[in-house]
Amino acid sequence: MKLSAVVLDLDGTYLNADKQVSERNLAAVMACYDAGMKIIVATARPPRAVKWFLPEQLQNIAAFVYYNGAQVMCRHSNTELHESIPAPLTAAIIDYCLALYPNAELTMEVRDEWYSLRELDYSITMNAKENPAVKPLGELKQYDATKILITGKFNLEGMHEAFGHQANIIATDNNQLIQVMPLQASKERAVTTLSKRYGIAMDAIIVFGDDHNDIGLFKACGYSVAMGNAIPELKLLADEVAESHDRDGVAIVLERLLGECFG
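Treat the numbers as computed from the prediction; the structure is a model and nothing was measured.

**Some details on the sheet that holds strand β6 (residues 105–110)**
Read across the sheet, 6 strands follow the order β8-β7-β6-β9-β11-β10 without closing on themselves; strand pairing throughout is mixed. For this open sheet the edge positions go to β8 (133–134) and β10 (167–172), each flanked by a neighbour on one side alone. Sheet topology note: the β10/strand β11 (residues 177–182) ladder contains 6 bridges and is antiparallel. Paired with Ile170 across the strands is Gln179, a residue of β11.

**A closer look at the nonpolar core**
Ranked by size, the top nonpolar core spans 41 residues in total, and within it Val6, Tyr14, Leu54, Ile206 and Phe208 carry the most contacts. No other element matches the 6 residues that helix α11 (residues 249–262) contributes to this core. Counting residues in each nonpolar core, the second largest holds 25 residues, with Val191, Val207, Phe218 and Ala238 among its members.

**Describing the state of the cysteines**
Throughout the structure, instances matching the rule amount to 0 disulfides. Free of any disulfide, Cys74 has its nearest neighbouring cysteine sulfur in Cys221, separated by 16 Å.

**As for the sheet that holds strand β1 (residues 5–8)**
Read from one edge to the other, the open sheet built from 8 strands follows the order β5-β4-β3-β2-β1-β12-β13-β14, with strand pairing classed as mixed. Every other strand in the sheet has two partners, leaving β5 (79–82) and β14 (240–241) as the edge strands with one partner each. Relative to strand β4 (residues 71–74), strand β3 (residues 63–66) runs antiparallel, the two sharing 3 bridges. Bridge pairing in β4 links Val65 to Val72. In the packing of helix α8 (residues 187–198) onto the sheet, contacts are made with β1, β2 (38–42), β3, β4, β5 and β12 (205–209), and the angle to β3 comes to roughly 160°.

**Let's talk about the pairing of β5**
Pairing geometry for β4 and β5, over 4 bridges, is antiparallel. Residue pairing for β5: Val72 is matched across the bridge by Leu81.

**Quick word on unusual backbone geometry**
Despite not being glycine, Lys19 has its phi angle at roughly 60°, a positive value. Positionally, Lys19 belongs in the loop between α1 (10–14) and α2 (23–34). Among the residues examined, Lys19 registers a relative accessible area of 16% and is labelled buried. At Asn68, a position not held by glycine, the phi torsion is positive, near 55°.

**Let's talk about the packing of helix α5 (residues 87–100) against helix α7 (residues 156–163)**
The contact between α5 and α7 brings their axes to 12 Å, and the two run at 145°. In this structure, α5 meets α7 at a crossing whose hand is right-handed. Between α5 and α7, the residues in contact are Leu89, Ala92, Ile93, Tyr96 and Cys97 and Gly158, Met159, Ala162 and Phe163, respectively. Of the residues that constitute the contact of α5 with α7, the class distribution is 8 nonpolar, 1 polar and no charged.

**Remarks on the pattern of salt bridges**
One pass over the structure, following the stated rule, counts 12 salt bridges. One salt bridge in this structure joins Asp214 and Lys187, with 2.7 Å as the shortest N-O distance. Taken together, the residues Asp214 in the loop between β12 and α9 (215–220) and Lys187 in helix α8 connect sequence positions 27 residues apart. Accessibility classification places Asp214 together with Lys187 in one group, the buried group.

**Observations concerning the pairing of strand β13 (residues 223–226)**
Because side chains alternate across β13, one face comprises the buried residues Tyr223 and Val225, and the other comprises Ser224 and Ala226, equally buried. Relative to β13, β12 is paired through 4 bridges, and the arrangement is parallel. From the neighbouring strand, Phe208 faces β13, where its bridge partner is Val225. In the classification by handedness, the crossover that spans β12, the intervening α9 and the parallel β13 is right-handed.

**Topic: α7**
Among the residues making up α7, those that are buried are Gly158, Met159 and Phe163. The buried side chains of α7 occupy one side of the element, clustering within an arc of 100° when seen end-on. Opposite the buried face of α7, by more than 90 degrees, sit the exposed residues Glu157 and Glu161. Along its buried surface, α7 packs onto α5, β9 (147–151), β10 and β11.

**Thoughts on the side chain of Asn213**
Within the secondary structure, Asn213 sits in the loop between β12 and α9. On the accessibility criterion, Asn213 (10% relative accessible area) is buried. Within the structure, Asn213 has its side chain in polar contact with the side chain of Asn68 (distance 2.7 Å). Contact partners of Asn213, with chain neighbours within four places excluded, come to Ala44, Asn68, Ile170, Thr172 and Lys187.

What counts and what doesn't
Residues numbered from 1 in each chain as written. Predicted model: local features only at pLDDT ≥ 70, side-chain atom pairs only at ≥ 80, totals over all residues. Heavy atoms only, no water. Pairing = 2+ DSSP bridges. Helix = DSSP H or I, 4+ residues; strand = E, 2+ residues; numbered from the N terminus. Core = buried A, V, L, I, M, F, W, Y, C linked by side-chain atoms within 4.5 Å. Buried < 20%, exposed > 50% of the residue type's maximum accessible area, 1.4 Å probe, protein only. Disulfide = S-S within 2.5 Å. Contact = heavy atoms within 4.5 Å. Axes fitted to C-alpha atoms, helices over the stretch in contact; angles between N-to-C directions. Left-handed = near helix turned anticlockwise from the far one by under 90°. Nonpolar A, V, L, I, M, F, W, Y, C, P; charged D, E, K, R; others polar. Salt bridge = Lys/Arg side-chain N within 4 Å of Asp/Glu carboxyl O. Right-handed = clockwise from strand over helix to strand, strands pointing away. Arc of directions from axis to C-beta. Polar contact = N/O pair within 3.5 Å; in protein donor to acceptor, adjacent residues only side chain to side chain.

Spelled out as structure tokens, the structure:
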């Protein structure tokens, strides 16, 4: 199997439960880079969080897909892309959510700035090192949002019916987090863009993931690996199921494949 790039989801995949990159996982990915492979991090996280969690070595060599594809950055190929939800649609989604769930924990990302309607503490639930800045409702509705997040139990089908033709809506984290992105934003679209810039085929890409926002990538890339802790839907799509994110599942697969290709 000829591999030219490695795509890594972070939470539940490359990061362990403590939101750390193990020494073994780091060594395996650096070995892939040394062997000539491109490294792509594809996450729902914003840029600032990726800087919190990833070692500097990886930050220096990788390309980054943030916000499930709404923002793409790769200094090595001079790629910088950003998509957003137009302010009128942002306002409509906010009004819809608050009308049905007035106590919903609704937050918004706008180009690496995080806003909310009220004081929230996400230091534990989202492993955030800072909490969103509180903004009045009228101001929130004026932003072109990079991503809107709603935490808690919510009617996903209703959201799809109301806005599925205008935005990309997915549920993650055991269906406890609804993420609303620009309509065209997805991990697979962003990685396809990077693959073209790199001049490599999608069939030559191996992807690791664990949740609903990785499904498109699993269908698009040449070889897919679901973590042992992944959702059942992803395991069914995967070419291989690895050990869990707490047992260096990424490293175990990459070590084996490096041995097969270069051993």
